[in-house]
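Now for the letters of each chain:
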Amino acid sequence: MTTSNVQAVTNVADSEQEGIFYQEQHNESALFEYAFNNQLPVLIKGPTGCGKTRFIEHMANKLNKPLYTVACHDDLTASDLVGRHLIGSDGTYWQDGPLTRAVREGGICYLDEVVEARKDTTVVLHPLADNRRILPIDRTGEMLEAHPDFMLVVSYNPGYQNLLKGMKPSTRQRFVAMRFDYPEAEIEQEILIKETGVEPRLAGRLIELAHALRRLEDNDLDEVASTRLLIYAAKMLKVGMKPLEVCRCCLAEPLTDDPQTIEALMEVARIYFDD
Ligand SMILES: Nc1ncnc2c1ncn2[C@@H]1O[C@H](COP(=O)(O)OP(=O)(O)OP(=O)(O)O)[C@@H](O)[C@H]1O
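Since the model is a prediction, treat every value here as computed from it, not as a measurement. (Residues numbered from 1 in each chain as written. Predicted model: local features only at pLDDT ≥ 70, side-chain atom pairs only at ≥ 80, totals over all residues.)

Draft legend 1. Here's a closer look at the overall build of the chain. Scanning the chain from N- to C-terminus turns up 11 helices and nine strands. Each principal axis of the C-alpha distribution contributes one length, and for the chain these read about 65 × 40 × 35 Å. Across the 275 residues in the chain, those meeting the buried criterion constitute 34%. A separation threshold of at least 6 residues defines the contact pool for the chain, and within that pool the share at least 24 residues apart is 74%. (Helix = DSSP H or I, 4+ residues; strand = E, 2+ residues; numbered from the N terminus. Buried ≥ 20, exposed ≤ 12 C-beta atoms within 10 Å, placed from the backbone. Contact = placed C-beta atoms within 7 Å.)

So this is what it looks like as structure tokens:
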């Protein structure tokens with residue numbers, strides 16, 4: 001397997017960004033900071049596009065720590081996290097994976113959708129996520145003690161979980177857990193305005209529609225429209241795209257392939273927007 005299996009390894013503290021906008025929902029920043037200061041790992045659960053990644057980027061920036069983000073998938077193995085021997089012009093050499101770099105140098109390692117990763121990853125995560133804070137690297141014979149600034153953060157979407165992929169209690173109970181959800185109307189409106197510069201009146205209307213859609217009972221949707229989709233919609237409204245077209249391509253089509261369900265969603269959209 002090649003290193004391309006590790007997606008999106010970023011380093012926020014090294015980036016040029018001054019600050020990363022994150023609208024607080026409850027007291028999640030303080031909780032995260034307590035966990036970081038006490039060397040506790042954090043688990044964040046919540047639906048798609050509700051701000052989990054943005055929150056962690058914001059916290060890494062605020063704490064001024066490097067962030068190593070790994071988008072987990074069902075082929076991701078422990079070696080993708082820990083590292084592997086590579087062949088170069090001078091022979092083989094060892095290359096740390098993102099987890100090992102964070103453990104060695106100090107930083108936040110964020111495993112997005114951790115339940116997708118292969119089961120062998122739990123073997124390396126367990127001793128790191130409890131009071132031992134060690135990473136045994138079998139292939140080099142190293143027993144790495146985590147840097148004091150190392151923090152493990154994992155996330156998953158409970159809606160996608162199936163029984164086979166659920167987290168074992170022995171894994172879950174190694175983490176301080178936080179539940180995220182789509183923000184309340186006022187907060188979500190503020191996010192839309194700050195992220196897109198959309199006019200407050202239009203943002204308000206979009207939020208009213210989104211919250212009405214989310215309340216729909218008996219819909220055939222796996223998930224409701226996310227804050228991410230509302231941001232897409234706000235961006236399109238801002239540049240003058242017709243509102244109902246925006247609703248169709250941002251709030252209906254991405255959610256389902258079923259024409260009847262799309263029409264049902266559009267019927268609600270017509271209550272809030274004219275053509
Ligand atoms: N509280 C918030 N403050 C600022 N922006 C937010 C917030 N919540 C959501 N967003 C916006 O929504 C977008 C999607 O959020 P993000 O990428 O963090 O979702 P996620 O929960 O990690 O989703 P996924 O599980 O699909 O990876 C962000 O790029 C950001 O623009």
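Draft legend 2. Fine view of the sheet that holds strand S2 (residues 67–71). Spatial strand order, S2-S5-S8-S1-S9: five strands in an open sheet with parallel pairing. Edge positions in the open sheet fall to S2 and strand S9 (176–179), since each of these has one partner strand only. Strand-to-strand, the axes of this sheet are offset by a mean angle of 20°, without reference to chain direction. Here strand S1 (residues 42–45) pairs with strand S8 (residues 150–156) via four bridges, running parallel. Opposite valine 42, over in S8, you have valine 153 as the bridge partner. (Pairing = 2+ DSSP bridges. Axes fitted to C-alpha atoms, helices over the stretch in contact; angles between N-to-C directions.)

Draft legend 3. Representation of the nonpolar core within the structure. With 41 residues, the main nonpolar core has Ile108 and Val153 as its most contacted residues. Valine 153 has contacts with Pro41, Val42, Ile44, Ile56, Ile108 and Tyr110, leaving out every residue within four places of it along the chain. With 21 residues, the next largest nonpolar core counts Leu192, Leu213, Leu230 and Cys247 among its residues. (Core = buried A, V, L, I, M, F, W, Y, C linked by C-beta atoms within 7 Å.)

Draft legend 4. Molecular detail of the site of the ligand. As a matter of local geometry, the ligand sits amid 18 residues, with Thr48, Gly51, Lys52, Thr53 and Arg54 nearest to it. When we break the shell around the ligand down by domain, the ones giving at least three residues each are domain 1 (3–179) and domain 2 (185–272). (Near = placed C-beta within 6 Å. Domains from an automatic or database assignment.)

Draft legend 5. Highlighting helix H10 (residues 243–252). Among all positions of H10, only Pro243, Val246, Cys247, Cys250, Leu251 and Ala252 are buried. Seen end-on, H10 carries its buried residues on one side only, within an arc spanning 155°. The elements touched by buried residues of H10 are helix H8 (200–215), helix H9 (227–238) and helix H11 (259–272). (Arc of directions from axis to C-beta.)

Draft legend 6. Inspection of unusual backbone geometry at higher detail. Phi at glutamine 39 is positive, roughly 55°, even though this residue is not glycine. Structurally, glutamine 39 can be placed in the loop between helix H1 (28–37) and S1. In this structure, glutamate 113 takes a positive phi of about 55° despite not being glycine. Topologically, glutamate 113 is positioned in the loop between strand S5 (107–112) and helix H5 (121–129). In this structure glutamate 113 comes out as buried when scored by C-beta crowding, with 20 C-beta atoms within 10 Å.

Draft legend 7. Highlighting the domain arrangement of the chain. Partitioning the chain into structural domains gives domain 1 (3–179) and domain 2 (185–272). Taking the mean C-alpha position of each, domain 1 and domain 2 sit 32 Å from one another. At the interface, nine residues of domain 1 touch 10 residues of domain 2. The class makeup of the residues in the side of domain 1 that touches domain 2 is three nonpolar, six polar and no charged. (Nonpolar A, V, L, I, M, F, W, Y, C, P; charged D, E, K, R; others polar.)

Draft legend 8. Quick look at the confidence of the model for the chain. Of the residues in the chain, 90% have a pLDDT of 70 or more, and the chain-wide mean is 89. The model gives residues 1–9 a pLDDT under 50, and that stretch makes 18 contacts with residues more than four places away or in other chains. Across residues 11–17, confidence stays below pLDDT 50; counting only partners more than four residues off in sequence or on other chains, it has 16 contacts. Here the prediction assigns the complex a pTM of 0.89, and the interface score ipTM is 0.98. (pLDDT = per-residue confidence, 0-100.)

Draft legend 9. Here's a closer look at the environment of glutamine 173. Residue placement: glutamine 173 occurs in the loop between helix H6 (169–172) and S9. You can call glutamine 173 exposed: it has 12 C-beta atoms within 10 Å. Taking the C-alpha atoms as reference, glutamine 173 lies 9.7 Å from leucine 43; in sequence the two are 130 residues apart.

Draft legend 10. Up close: the environment of proline 254. Secondary-structure assignment places proline 254 in the loop between H10 and H11. Residue class for proline 254 comes out partly exposed when judged on the 14 C-beta atoms lying within 10 Å of it. For the pair proline 254 and arginine 179, spaced 75 residues apart in the sequence, the C-alpha separation amounts to 24 Å.

Draft legend 11. Looking closely at the packing of H8 against H11. One way to put it is that H8 packs onto H11 with a least axis distance of 10 Å and a crossing angle of 145°. Remark: the crossing between H8 and H11 carries right-handed chirality. Where H8 approaches H11, its residues Arg205, Glu208, Leu209, Ala212 and Leu213 are matched on the opposing element by Leu265, Val268, Ala269 and Tyr272. Here the residues of the contact of H8 with H11 are counted per class, giving seven nonpolar, no polar and two charged. (Left-handed = near helix turned anticlockwise from the far one by under 90°.)

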